[in-house]
Amino acid sequence: PKVAALIVAAGKGERAGGVIPKQYREIGGNSVLFLAAKALLGHPAVDRAQVVIGEGQREAYETAVMGLSLPAPIIGGETRQQSVRNGLEALAATESPDIVLIHDAARPDTPPAVIDRLLSGLGAHIGAIPALPVTDSLARTDGSTVDRSAFVSIQTPQAFRFEAILAAHRSWSGAEPATDDAAIARAAGHEIALIEGDAALRKLTFAEDFAMSAAGPTPFPP
Ligand code: C5P
């Protein structure tokens with residue numbers, strides 16, 4: 001099957017502090033977006049990648065992806081959901097893939113084994129997504145704890161059959177924007193397969209995440 005990667009990088013990344021959105025900042029000499037795109041393009045099953053960027057991020061983008069083989073970027077929207085939608089429509093307007101891996105640019109490290117698991121986990125499903133058990137205790141904002149074994153944390157890349165996820169996006173009628181594409185697929189009535197995620201897929205969100213990545217793993221005990 002033809003597999004395309006769709007990487008959304010149109011966010012402002014304000015929680016990470018600083019003026020440059022997190023996906024354009026560097027870790028060890030490469031931008032986070034470069035690393036994210038390279039990890040997917042480097043997998044033998046992935047044929048091509050399309051990046052979605054924000055209006056006004058063109059310069060940052062060109063610098064960030066230098067050396068990678070990528071088509072011109074697509075302009076995203078106000079929400080992650082809109083950015084994904086714009087990317088899916090652009091893929092459909094060129095050459096629709098069979099499968100799309102939808103990925104956050106803020107996750108620089110995708111181990112190849114995760115992509116293997118996604119593609120084999122897809123099987124007869126419309127979507128397959130990486131999930132990890134919640135390791136911290138979980139509580140409601142009023143302080144009352146909840147049973148964390150009932151929850152998993154969801155990561156990207158998320159694999160979908162292209163025509164189905166495109167149709168699910170087009171028919172979405174939720175009041176609030178969805179935070180991921182699995183939610184959009186489920187709202188369209190599709191069952192999604194959970195595959196084992198990986199701690200390496202962690203999304204860089206806060207300034208500390210960059211400090212940690214730059215320093216490498218912290219030895220334990222420190
Ligand atoms: O803000 P958050 O960490 O949830 O963003 C996840 C991913 O979605 C990031 O890679 C970000 O650049 C992207 N995004 C986007 N368009 C938006 C908001 C976020 O492409 N409007």
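Keep in mind it's a predicted model, so treat the numbers as computed, not measured. (Residues numbered from 1 in each chain as written. Predicted model: local features only at pLDDT ≥ 70, side-chain atom pairs only at ≥ 80, totals over all residues.)

**Side note on the overall build of the protein**
Argument step 1. Scanning the protein for helices and strands turns up 7 helices and 12 strands.
Argument step 2. Computed over C-alpha atoms, the radius of gyration of the protein comes to 17 Å, within 12% of the 17 Å expected from 2.2 N^0.38 for 222 residues, which places it in the range of a compact globule.
Argument step 3. The principal-axis extent of the C-alpha atoms belonging to the protein is close to 50 × 40 × 35 Å.
Argument step 4. The buried share of the protein, taken over its 222 residues, is 39%.
Argument step 5. Across the protein, the fraction of contacts at a sequence separation of at least 24, relative to all contacts at a separation of at least 6, is 70%. (Helix = DSSP H or I, 4+ residues; strand = E, 2+ residues; numbered from the N terminus. Rg over C-alpha atoms; globule rule 2.2 N^0.38 Å. Buried ≥ 20, exposed ≤ 12 C-beta atoms within 10 Å, placed from the backbone. Contact = placed C-beta atoms within 7 Å.)

**Considerations on the confidence of the model for the protein**
Argument step 1. On average, the protein scores 93 in pLDDT, and the residues at 70 or more come to 94%.
Argument step 2. For this predicted complex, the interface confidence comes out at an ipTM of 0.98, alongside a pTM of 0.93. (pLDDT = per-residue confidence, 0-100.)

**Thoughts on helix H3 (residues 80-93)**
Argument step 1. With 14 residues, H3 ought to run about 20 Å at 1.5 Å a step, and its terminal C-alpha atoms sit 20 Å apart, in line with that.
Argument step 2. Check the buried side of H3 and you find it contacts strand S1 (3-9), strand S4 (48-53), strand S5 (74-75), strand S6 (99-104), helix H5 (162-171) and helix H6 (181-187). (Expected span 1.5 Å × (residues − 1).)

**Focus on the pairing of S6**
Argument step 1. Taking burial as the measure, the 6 residues of S6 include 6 buried ones, the bulk of the element.
Argument step 2. Of the two faces of S6, the one carrying Ile-99, Leu-101 and His-103 and the one carrying Val-100, Ile-102 and Asp-104 are both buried.
Argument step 3. When S6 meets strand S11 (residues 158-161), the two strands line up antiparallel, connected through 4 bridges. Of the residues in S11, the one forming a bridge with Leu-101 is Ala-159. (Pairing = 2+ DSSP bridges.)

**Regarding the nonpolar core**
Argument step 1. In terms of nonpolar packing, the biggest core is built from 51 residues, with Ile-7 and Leu-33 touching the most fellow members.
Argument step 2. At 8 residues, the largest contribution of residues to this core is made by helix H1 (residues 32-41).
Argument step 3. When residues no more than four places from it in sequence are discounted, the contact partners of Ile-7 are Ala-36, Ala-37, Ala-49, Val-51, His-103 and Ala-105. (Core = buried A, V, L, I, M, F, W, Y, C linked by C-beta atoms within 7 Å.)

**Things to note about the site of the ligand**
Argument step 1. Every one of the 17 residues lining the ligand counts as a neighbour, but Val-8, Ala-10, Gly-11, Ser-83 and Asp-104 are closest to it.
Argument step 2. Sorting the residues of the shell around the ligand by element identifies S1 and H3 as the ones contributing at least two each.
Argument step 3. Taken together, the residues of the shell around the ligand break down into 6 nonpolar, 7 polar and 4 charged. (Near = placed C-beta within 6 Å. Nonpolar A, V, L, I, M, F, W, Y, C, P; charged D, E, K, R; others polar.)

**Points about the pairing of strand S7 (residues 127-133)**
Argument step 1. As defined by bridge partners, S7 adjoins S11 across 2 bridges and the pair is classed as antiparallel. Looking at the pairing, Ala-128 lines up with Ala-159 of S11.
Argument step 2. Sheet topology note: the S7/strand S12 (residues 192-196) ladder contains 5 bridges and is parallel. Paired with Ala-128 across the bridge in S12 is Ala-193.
Argument step 3. Examined bridge by bridge, S7 and strand S10 (residues 152-154) share 3 bridges and lie antiparallel to one another.

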